[in-house]
Amino acid sequence: MRLSSGFLPTLKEVPSEAQIASHRLMLRAGLVRQTSAGIYAWLPAGLRVLRNIEQIVREEQNAIGAQELLMPTVQSSELWKRSGRYDAYGPEMLRIRDRQDRELLYGPTNEEMITDLFGQVIKSYRELPQALYHVQWKFRDELRPRFGVMRGREFFMKDAYSFDASYDDAVAAYRRMMLAYLRTFQRLGVRAVPMKADTGPIGGDLSHEFLVLAPTGESGVFFDAALEEQDWLHEAVDIADHKSLEAFFSGVTKFYAATDEMHDEKAWEDVPADRRREGRGIEVGHIFYFGTKYTESMGISVSGADGNQFFPEMGSYGIGVSRLVGAIIEASHDEAGIIWPDSVAPFLAAILSLKPGDEAVDALCEKLYAAAPDAFLYDDRGERAGVKFNDADLMGHPWQMIVGPRGAKEGKVELKRRATGERFELSVDEALAKVLGTDASGKGAA
């Protein structure tokens, strides 16, 4: 994209309504604009980040055999009355009526709808297990929406649901999802620590929330540093084998990790002092086993091997996709602006022309831009160099490819790494190879 013609409005002044770093930077970097309380329009750069996160989430869900569908945002109240939650949910649910005076609601979650869809299709234990997910907008009418997308009323979320024939199978589904989550967050460039969560009135011990470490997090966290050192992407786990999943799960949960609400001082003392980590965390995901709560309350059963009907075991698994945009910024920024991980950045690099109109500069910039026009943002504006540097730092592109008259004459590019400030003077091919991860011949780097 060429910045001169792009819809990428940056702000010099800090918006007065923004209280935390992610809210300020998302507004200043032109990612979002507020349209009403707790509701935001996602501008082109922000939408690119949202889509990048969504795609990584999708790939890891698919990798464990979950199937994607898409459920509507508007739901019938009858589904929620069947489960008993319609009156119990509270004022956060946006309730509406259509022209036929039928009661509808803007979905805050999808347990009822997915259970009903499952019941319409699946009739026998032979068709189990099933794992279904979608990525969809949701709405909760927060009394005091604040902190931008971190606590908005409308939000973009991945929610998945598993259906199994037995408790053991449901536990295996839960463990598969934990693995998918850990791999997802690692690919997103953040460390999200899994912490045992309260299961509430349903009981049991299968509930974990995932918290991204950030100074502005809403929860205090205590955890063993070993959890930050794991490489989940290369963890050898056979997702079809219950024992392999059990070994993986035991390897994760043997390390202490708790929010301040669940913190156990006695257990904390057993963690070696040099491995104790304390801080703040932002919840970005939650996995939860709840058994037959919805299948039973909604009367959804299947036939078993003995011919008798039984209620399938369920779990639900959420990731806040739009919330993750804010959480990543909270965890990765400095005074100059955002520092995007490569995997989610709206643009992998900014091409900064220091002298538009100079023949050599223009030619070299065009050559760079032609190599990956969808991945690069070409700042071809007739602005001063300082303005371009400031905007590039603010927007957080992982790389800046700086082209000035002296370098252009020599066929050189100054390459800056946003996260570290490192600078390199390289040829065009070398610069492209470093940014795109290929060698000069165009082959993938080892």
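Remember, it's a predicted structure, so these values are computed and weren't measured experimentally.

Colleague: Can you tell me about a negative patch on the surface, naming the residues and giving the values?
Modeller: Residues Asp264, Glu265, Glu269, Asp270 and Glu278 make up a contiguous surface patch of negative charge. In this fold, Glu269 is placed in helix H7 (residues 265-269).

Colleague: Any details on the layout of surface pockets? Residues and values, ideally.
Modeller: Put simply, the largest pocket is a space of about 1,400 Å³. Around the largest pocket, the lining comprises 46 residues; the ones closest to its centre are Arg140, Met157, Glu209, Glu283 and His286. Per element, the largest residue contribution to the lining of the largest pocket is six residues, and it comes from strand S13 (residues 276-291). Residues of the lining of the largest pocket, tallied by class, amount to 18 nonpolar, 13 polar and 15 charged. Estimates place the volume of the second largest pocket at around 320 Å³. Lining the second largest pocket are 18 residues; nearest its centre among them are Lys196, His208, Thr253, Phe255 and Ala257. Counting residues per element, the ones that place at least two in the lining of the second largest pocket are strand S9 (192-196), helix H6 (242-253) and strand S12 (257-259). By residue class, the composition of the lining of the second largest pocket is twelve nonpolar, two polar and four charged.

Colleague: Outline the packing of aromatic side chains, listing residues and values.
Modeller: The full count for this structure, using the stated rule, is 16 aromatic pairs. The interplanar angle of 45 degrees and the centroid separation of 5.7 Å between the aromatic rings of Tyr369 and Tyr378 together place this pair among those described as tilted. Residue Tyr369 is classed as buried on the basis of its relative accessible area of 12%. Members of the aromatic cluster, each reached through a chain of ring pairs, are Tyr174, Phe249 and Tyr317. In this structure, Lys293 packs its charged tip against the face of Tyr294, placed 5.4 Å from the ring centre. The positively charged end of Lys434 is found above the aromatic ring belonging to Phe424, 4.8 Å away from the centroid.

Conventions used here
Residues numbered from 1 in each chain as written. Predicted model: local features only at pLDDT ≥ 70, side-chain atom pairs only at ≥ 80, totals over all residues. Heavy atoms only, no water. Patch = residues over 30% accessible without salt bridge, like charges linked within 9 Å, V, L, I, M, F, W, Y side chains within 5 Å. Areas by Shrake-Rupley, 256 points an atom, 1.4 Å probe, with all protein chains shown as cover. Salt bridge = Lys/Arg side-chain N within 4 Å of Asp/Glu carboxyl O. Lys, Arg positive; Asp, Glu negative; His and termini not counted. Charge placed at Lys NZ, Arg CZ, Asp CG, Glu CD. Helix = DSSP H or I, 4+ residues; strand = E, 2+ residues; numbered from the N terminus. 1 Å grid on protein atoms, 1.4 Å probe; cavity = no way out; pocket = protein on both sides within 12 Å on 5 of 7 lines; lining within 4 Å. Points joined across faces, edges and corners; volume = space filled by probe spheres on them. Nonpolar A, V, L, I, M, F, W, Y, C, P; charged D, E, K, R; others polar. Phe/Tyr/Trp six-rings, centres within 6.5 Å; stacked < 30°, edge-to-face > 60°. Buried < 20%, exposed > 50% of the residue type's maximum accessible area, 1.4 Å probe, protein only. Lys NZ or Arg CZ within 6 Å of the ring centre and 35° of its normal.

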